[in-house]
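Listed below are the residues making up each chain.
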Amino acid sequence: MATPPSNAGVPASDSGAESIGKHPVATGIEGLDFVLQGGLPHGRPTLLRGAAGTGKTVIALTFLCKGIAAGDKGVLATFDESPEALLEHAEGFGFPARRHRAEGHLRILDMRPDRNEVQVGDTIELTAILARIGHALDSMGATRLVVDAIDAMEAGFEGSQNLRAELTRVFDWIRDRGVTSLITTGEHAEFSARYGLEDYIADCVIALKQEVNHRVMTRVLRVVKRRGRGHGTNEYPFLLDTDGLFLVPVTGSVLGAPVSEQRLSTGIPGLDAMLGGQGLYQGSTILLSGQAGTGKTSIACSLTQAACASGVPVLYLSFEESVAELTRNQRSLGIDIGRYLADDDRGPLVMQPIRAVELGLEEHLMRVMHLVKRHRPALVVLDPVSSLAGRGDERGAKEILLRLLHLIKEEGITTVATELLGDDSQGVSHLDVSSMIDVWIKLRRHEHNGEMNRLIYVVKARGLPISDQVKEFRITSTGLRIEDPNLGEGGIVYGTARLARQTEDEETIGQLHLELERARRLRRDLDEIQAANERLVRAEQEAKAADLDRQVARIERLLAASGRARMAIGRGRA
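None of the values given here were measured: they were computed from a predicted structure. (Residues numbered from 1 in each chain as written. Predicted model: local features only at pLDDT ≥ 70, side-chain atom pairs only at ≥ 80, totals over all residues. Heavy atoms only, no water.)

**Student:** Explanation requested: the packing of aromatic side chains in the structure shown.
**Tutor:** Given two aromatic rings, one states the distance between the centres and the angle between the planes to describe the pair. In this structure the tally under the stated criterion is zero aromatic pairs. Sitting over the ring of Y281, R263 keeps its end group 4.9 Å from the ring centre. (Phe/Tyr/Trp six-rings, centres within 6.5 Å; stacked < 30°, edge-to-face > 60°. Lys NZ or Arg CZ within 6 Å of the ring centre and 35° of its normal.)

So, in structure tokens, the structure goes:
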């Protein structure tokens, strides 16, 4: 059997040997390249297997088109779909495959068997097929090859041993040529296992599958083997949408979140004061927990408005309300976040409503991180994050939430998550994610004397000097306010009772001020009377003293005169 021509006249054995030890070839899918520790084996065949709808063709087209965009050239040999259908698939995911083909960077070979020309049985040969692929590679100087749906060849062989030998020949031919190849196959009838593609032939095997839990489907990827280099060994969920394939290798993350000294205001002066006066640290994770109607979403929207007003880009993900409903409701409170929305999603605020029941937990994580990667916000709001947890798998929900919060935090993004607490929860959170929370604010209802009031307090705030008071949280038509509670002899009161107590206190204080002024006036009068009495007593004493002094002087004069008279009489007798 003749050997097809090798790349650019280089002997096949030399071409294959040169590929060993070279750097991997990036697929263009960041998460997949991370799992593969760089990408696909250079110059070696990689098997991509999975059932219909798992994303094999999307990965293959991404590998080709991203490589072409990076300067490579590629060949796609299809054994199943028509070239036109593949071009439409590529264009649907945003890849300019038709332009690549027109510019000579991409060639699609239609290898679908023609029943009028191909004899079915043991006599089928792959020489012509390999020669055609080899010619396309050589004429273009292509370094990337995709063989799509190689399992379609099974219909052309009656014996499995013959097909296995031919498949081995195809994989060896790829190695000899040193072309980096991605070969897709389905999962029907254990095709890859039956013909030894995984155990012996392929250098790298990637398995795709669909998992359905609670009637929700999630696509999962796993690297089964990879010769010559380590790889991620877990199952990784991935997302398929109009932007292509998105995968986050969450188990590869490390505790390396950036730290910021910058602060972000909550938009509520009283709440900022409870957090040390300047608000939150940027890049921190904030959890707002509370019963229905306590104002969690309003605080989240206040944070959003304050951030947008400061030029901070925000991604708001609402799992329960539509954008129109949310903006209307908050506008009635004086919080107008709708004015920051942009039609092209390029304004400071991007709002995305996502129904929690429509996606699985893993796909929710992928969707959120995909939006984060696309819009690059500095603040992400998840409202309410607890709606993701009520999906029947409490442990799985906790793990997903921890991974999601950790991934966002690693991007240096401030995260605000709201949590709905049940009326019978007694304020206890069931998310159990406090280890990932930097600031935990709780709200609760206080019902007394036929009135419901909202209370707010800070459970913890890492690195911030927080208030330890439980304060009243008021939602008014002019905004959100924090009121200090009334502390009196009768205890703590809120709401109208607080206002009544304040009125009573003001009246009491006013009365006390009057009494104080009256007492001070009487005290002044008493002091004046006492001073006057003292002056009168002094005057009387001074008058008595003067009179006595005069009496003394008169008596002294009389005595002196008497003495002189006696002396005169005595001299006369002598």
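**Student:** Help me out: how do you make sense of the pairing of strand β2 (residues 74–78) in this one?
**Tutor:** Remember that side chains alternate between the two faces of the sheet whenever the strand is regular. Judged by how many residues are buried, β2 sits mostly within the fold: five of five residues are covered. Residues G74, L76 and T78 line one face of β2 and the alternating positions V75 and A77 line the opposite face, and both faces are buried. With five bridges connecting them, β2 and strand β3 (residues 106–110) associate as parallel partners. From the neighbouring strand, A77 faces β3, where its bridge partner is L109. Pairing between β2 and strand β4 (residues 144–148): five bridges, direction parallel. Each bridged residue has a counterpart across the sheet, and for G74 the counterpart in β4 is R144. (Buried < 20%, exposed > 50% of the residue type's maximum accessible area, 1.4 Å probe, protein only. Helix = DSSP H or I, 4+ residues; strand = E, 2+ residues; numbered from the N terminus. Pairing = 2+ DSSP bridges.)

**Student:** What is the right way to look at the side chain of T294 in this model?
**Tutor:** For T294, the position within the fold is in the loop between β12 (285–290) and α11 (296–309). Within polar-contact distance, the side chain of T294 engages the backbone oxygen of Q291 at 2.6 Å. Not counting residues within four places of it along the chain, the set of residues in contact with T294 comprises L443, R444, R445, R454, F473 and I475. (Polar contact = N/O pair within 3.5 Å; in protein donor to acceptor, adjacent residues only side chain to side chain. Contact = heavy atoms within 4.5 Å.)

**Student:** It is not clear to me how unusual backbone geometry should be interpreted in this structure. Could you clarify?
**Tutor:** Following D383, the chain continues to P384 via a peptide bond in cis, the omega torsion being -15°. Positive phi values are uncommon outside glycine, yet Q37 reaches one of about 55°. With respect to the secondary-structure elements, Q37 resides in the loop between α2 (30–35) and β1 (45–50). Located in the positive-phi region is R376, a residue other than glycine, with phi close to 50°. By the element assignment, R376 lies in the loop between α13 (361–375) and β15 (379–383). Here R376 falls in the exposed class, since its relative accessible area comes to 52%.

Shape is all these values report; function is a separate question.
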